Amino acid sequence: MQLERARLGEASRVLARAFFDDPAWTWILPSARRRARTLHGLFRTAIAVTMAGGRVDTTAGEVRGLALWIPPGDALLAVNRAAARSLLTVPLRLRSAFPRFRAYTEWNYDLQRRAYPGPSLFLSGLGVDPAHQRQGIGGALVEAGLAREPAATAVLLTNNERNIGFYRGHGFETVLAEPMPGGGPMTWAMLRKPG
């Protein structure tokens, strides 16, 4: 089901817990204490930006997991406009970590375009609350998003090698695997072609 705006706070806390130990976020915000204080607000912004033109899927009832989708076409323009507006708050939240965040974001954008330069369905984030992982929630969210856009090539990026097998199980294949320059995290770009 689609996330309601009224549940934005609950949803952002779920993603903050899901990504707390993610290699990208531990590189951007090495201090666990600072990550704990910062991720909730950053994910609140990311979810709101996605909602501007994309779709955020979640579980029925309690928010246990989320999938953030940006469909091909005009939706990307709306998401990019919303992201540009959010750039005023992100540096304030990240402070000294903002240069790493910006470098990481630019790296991801470049890698995504090299993985598949055409219009695509982009899974910009998938997270399940650690207390509810390995119960099929993530898989159900991925399959629901793919089913809505059956003719689109789907693209995702992951920084966690453990995720590769999960995504392969849903038809994605690794097309690029590169370490981020400057000591950043390893990134895998994965693609799922229609049909």
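Structure: above.
All values reported here derive from a predicted model rather than from experimental measurement.

**Q** For this particular structure, what's the right way to read the overall build of the protein chain?
**A** Counting secondary structure elements, the protein chain contains eight helices and six strands. Taken over C-alpha atoms, the radius of gyration comes to 16 Å for the protein chain, in line with the 16 Å a tight globule of 195 residues would show. With the C-alpha coordinates of the protein chain rotated into their principal frame, the extents come out at 45 × 40 × 35 Å. For the protein chain, the residues scored as buried account for 49% of the 195 residues in total. The long-range fraction of contacts in the protein chain, counting pairs at least 24 apart against all pairs at least 6 apart in sequence, stands at 72%. Counting only carbon and sulfur atoms, one obtains 54% of the accessible surface of the protein chain, whose full area is about 9,700 Å². Separation between the mean location of the 25 positive side-chain charges and that of the 15 negative ones in the protein chain comes to 7 Å.

**Q** Please clarify how the side chain of Asp57 should be interpreted in this entry.
**A** The residue Asp57 is located in strand 1 (residues 55-58) in this model. Judged by its relative accessible area of 2%, Asp57 is buried. Here Trp69 takes part through its side chain, which lies 3.5 Å from a polar atom of the side chain of Asp57. Contacts of Asp57, omitting those with residues within four sequence positions, involve Met1, Gln2, Gly65, Leu66, Ala67, Trp69, Leu141, Gly145 and Arg148.

**Q** I keep staring at helix 7 (residues 137-148) and nothing clicks. Help me out?
**A** Because an α-helix completes one turn every 3.6 residues, residues spaced three or four positions apart along the sequence face the same direction. Compared with an ideal rise of 1.5 Å per residue, which puts 12 residues at 16 Å, helix 7 spans 17 Å between its outermost C-alpha atoms and is within 8% of the ideal. Among the residues making up helix 7, those that are buried are Ile137, Gly138, Gly139, Leu141, Val142, Gly145 and Leu146.

**Q** Help me out: how do you make sense of the pairing of strand 6 (residues 186-192) in this one?
**A** When a strand is regular, its side chains alternate between the sheet's two faces. Summarising burial for strand 6: five of the seven residues are buried, a large majority. The pairing of strand 4 (residues 154-158) with strand 6 spans five bridges and is classified as antiparallel. By the bridge assignment, Ala154 is partnered in strand 6 with Arg192. Pairing of strand 5 (residues 173-179) with strand 6, which is carried by six bridges, proceeds in the antiparallel orientation. Bridging from a neighbouring strand, Leu176 pairs with Ala189 of strand 6.

**Q** Any chance you could explain the nonpolar core here in plain terms?
**A** Generally speaking, a soluble globular protein has its nonpolar side chains buried in company with each other. Of all hydrophobic cores here, the largest spans 38 residues; its most connected members are Leu3, Trp25, Ile28, Ile47, Leu66 and Leu94. If you tally residues by element for this core, the top one is helix 6 (residues 98-115), at six residues. The contact partners of Leu94, leaving out residues within four places of it in the chain, are Ile28, Leu29, Arg34, Thr38, Leu42 and Phe101. By size, the runner-up hydrophobic cluster in this structure holds 18 residues, among which are Trp69, Leu121, Ile164 and Tyr167.

**Q** What is the right way to look at the packing of aromatic side chains in this model?
**A** Describing an aromatic ring pair means giving the distance of the ring centres and the angle of the ring planes. In the structure shown here, the tally under the stated rule is six aromatic pairs. Their ring planes at 75 degrees and their centres at 5.9 Å tell us that Tyr167 and Phe172 sit as a pair that is edge-to-face. Ring-pair connections join several aromatic residues into one group, and the members of that group are Phe19, Trp25, Phe43, Phe98 and Phe101. Between Arg35 and the ring centre of Phe20, over which it is positioned, the NZ or CZ distance is 4.4 Å.

So, how was this worked out
- Residues numbered from 1 in each chain as written.
- Predicted model: local features only at pLDDT ≥ 70, side-chain atom pairs only at ≥ 80, totals over all residues.
- Heavy atoms only, no water.
- Helix = DSSP H or I, 4+ residues; strand = E, 2+ residues; numbered from the N terminus.
- Rg over C-alpha atoms; globule rule 2.2 N^0.38 Å.
- Buried < 20%, exposed > 50% of the residue type's maximum accessible area, 1.4 Å probe, protein only.
- Contact = heavy atoms within 4.5 Å.
- Areas by Shrake-Rupley, 256 points an atom, 1.4 Å probe, with all protein chains shown as cover.
- Lys, Arg positive; Asp, Glu negative; His and termini not counted.
- Charge placed at Lys NZ, Arg CZ, Asp CG, Glu CD.
- Polar contact = N/O pair within 3.5 Å; in protein donor to acceptor, adjacent residues only side chain to side chain.
- Expected span 1.5 Å × (residues − 1).
- Pairing = 2+ DSSP bridges.
- Core = buried A, V, L, I, M, F, W, Y, C linked by side-chain atoms within 4.5 Å.
- Phe/Tyr/Trp six-rings, centres within 6.5 Å; stacked < 30°, edge-to-face > 60°.
- Lys NZ or Arg CZ within 6 Å of the ring centre and 35° of its normal.

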